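A look at the structure
In case you want the letters, here they are:
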Amino acid sequence: MILNSEHIAKSFGRNIVLKDISFQLEAGSITGIVGENGSGKSVLMEIIVGVRSADQGAIIRNGSIGYCPQRAVLFPHLTVQEHFIYFSIAYGIGNEQSKKRSEELLQHFNYKKYEQEKIINLSGGTQQKLNLSIALLHEPDLLILDEPYNGFDWDTYQRFWDYTNQLKDRGCAILIVTHLLSEKERLDRIYELENGILV
Amino acid sequence: MTVNKIITGLSMILRMLVRQKIVIVLLLIIPAFFLTIVEFTTSDRMLPFQLASLDDDVFINISEKGISFIFFAVASSGFLVSFLALNLIQKNNEVNRRLIICGYHPIELLISILLSLFLVIVLIAVYVGVLTNAFYTIDHLGRFVLGLVLIGFVYGSYGLAVGSLIKAELEGILMIVLLVNIDVGWLQNPLFYAEAQNQIIIKFLPAYFPSQTAIITAVTDYSAAAATVNGILYGLVFLIFSMLIFFFKMRTK
């Protein structure tokens, strides 16, 4: 088991966002959490990765995490290549491995030509490709994707699923959070977040 | 904690600063603009005044133009460093947090930010010092630059504290402009201060010790050690406060 979420609850003032969330993620699986806008999906993701603390409950993680936030969270004045360097250092990846991985991701998601561009000059779709690539850079055991294909064109969307399936085959547990899930057959399990609980 | 992470952080922060045109424009233009205004608006009449940090019988004789150059050099250094410190700690908050999720320790990131700020302070102090000297010959330029480093340290730490506490950019800038304007831009001016009532209030403001240091070092042969030490202690209070807030906000839960 890669992730175990036990009775997670979270409120903001009187607004109860998450009531009692429990679920597990196994290695080599793709799990989806769907829910309407404002249902608390992103809050749950932030609790899982450690950005927020839960009021109650516990998260048990086994292995490294790759987290792709909903919005592209990047440095506007750094280039794509500098992001790969900075985040490789954060992950503790060696220089050679970092170059190999970034090259692979740039090629796979087809944005190698923007390698030396600053983020401020990139389109939303290309920023989202880098946002996702940062989460994939260190080949994590657990991949948490919050609305990962926002802004992707059809080709990139297909490439995203190709890559995700490769990761699954390598034993990575993948959690995808979205308000819109069109291809349910690609997922091993789907939860719906409704009124603060998973159904 | 690894040195590699700190050096990479420092290098990336400096690249980001240099690539922001507004930062470069502010650094070059503001001190030159302030000092040019002084050149065109102040007179050469001599103004004897006393400094709070020196003995009561010590009078300093300097022209209105001269003291205004020194005073505006202090004001522009304080304002610039404070603004850049706010920019360093407040901008990119979300992506800094992402770096921490990915493996950076908040302390490593904080050290990178502080080292960047220190380099910026030294750069501004040297530039403003040399520029001031071009308008008005400073008796002890090296010591005067150190006085500017001190105002940079105190107001830089204040900018870090404001940036750690306040999320919105506009409110942060307002907090800085208000204090710099009242404190460095008005109350610490020795021409005002010498005759001010309730001077004890002015002594508790952040620019008091750095202003005293800068003026003493620029135009007298007296020691500014006491004012310098007090200024460092004052800056440290802001610095520790801002570091604690940054650490508790950025650590993973």
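Computed from a predicted structure; not experimentally measured. (Residues numbered from 1 in each chain as written. Chains lettered and ligands numbered in written order. Predicted model: local features only at pLDDT ≥ 70, side-chain atom pairs only at ≥ 80, totals over all residues.)

Some thoughts on the overall build of chain B
- When helices and strands are tallied, chain B shows 11 helices and 2 strands.
- Start at the N end of chain B and walk to the C end: the helices and strands fall as α-α-β-β-α-α-α-α-α-α-α-α-α.
- Taken over the C-alpha trace, chain B has a radius of gyration of 19 Å; the compact-globule value for 253 residues is 18 Å, and the two agree within 12%.
- Along the first, second and third principal axes, the C-alpha atoms of chain B reach 60 × 35 × 30 Å.
- Put simply, 74% of the contacts in chain B that link residues at least 6 apart link residues at least 24 apart. (Helix = DSSP H or I, 4+ residues; strand = E, 2+ residues; numbered from the N terminus. Rg over C-alpha atoms; globule rule 2.2 N^0.38 Å. Contact = placed C-beta atoms within 7 Å.)

A short note on the interface of chain B and chain A
- On the side of chain A, 18 residues touch chain B, which itself brings 20 residues to the contact.
- Listing elements by their share of the side of chain B that touches chain A, those giving two or more residues are α1 (3-18) and α4 (93-102) of chain B.
- When residues in the side of chain B that touches chain A are grouped by element, the largest group, 7 residues, is from α4 of chain B.
- Across the side of chain B that touches chain A, the residue classes break down as 7 nonpolar, 6 polar and 7 charged. (Nonpolar A, V, L, I, M, F, W, Y, C, P; charged D, E, K, R; others polar.)

Brief notes about the sheet that holds strand β2 (residues 15-25) of chain A
Residues and elements named next belong to chain A.
- Spatial strand order, β2-β1-β4: 3 strands in an open sheet with antiparallel pairing. The open sheet is flanked by β2 and β4 (56-61), the only strands paired with a single partner. Strand-to-strand twist in this sheet, taken as the mean axis angle between neighbours without regard to direction, amounts to 20°.
- Bridging between strand β1 (residues 3-12) and β2 involves 7 bridges; their strand directions are antiparallel. Paired with S5 across the two strands is F23, which belongs to β2. (Pairing = 2+ DSSP bridges. Axes fitted to C-alpha atoms, helices over the stretch in contact; angles between N-to-C directions.)

All quantities given are derived from atomic positions and should not be read as evidence of function.
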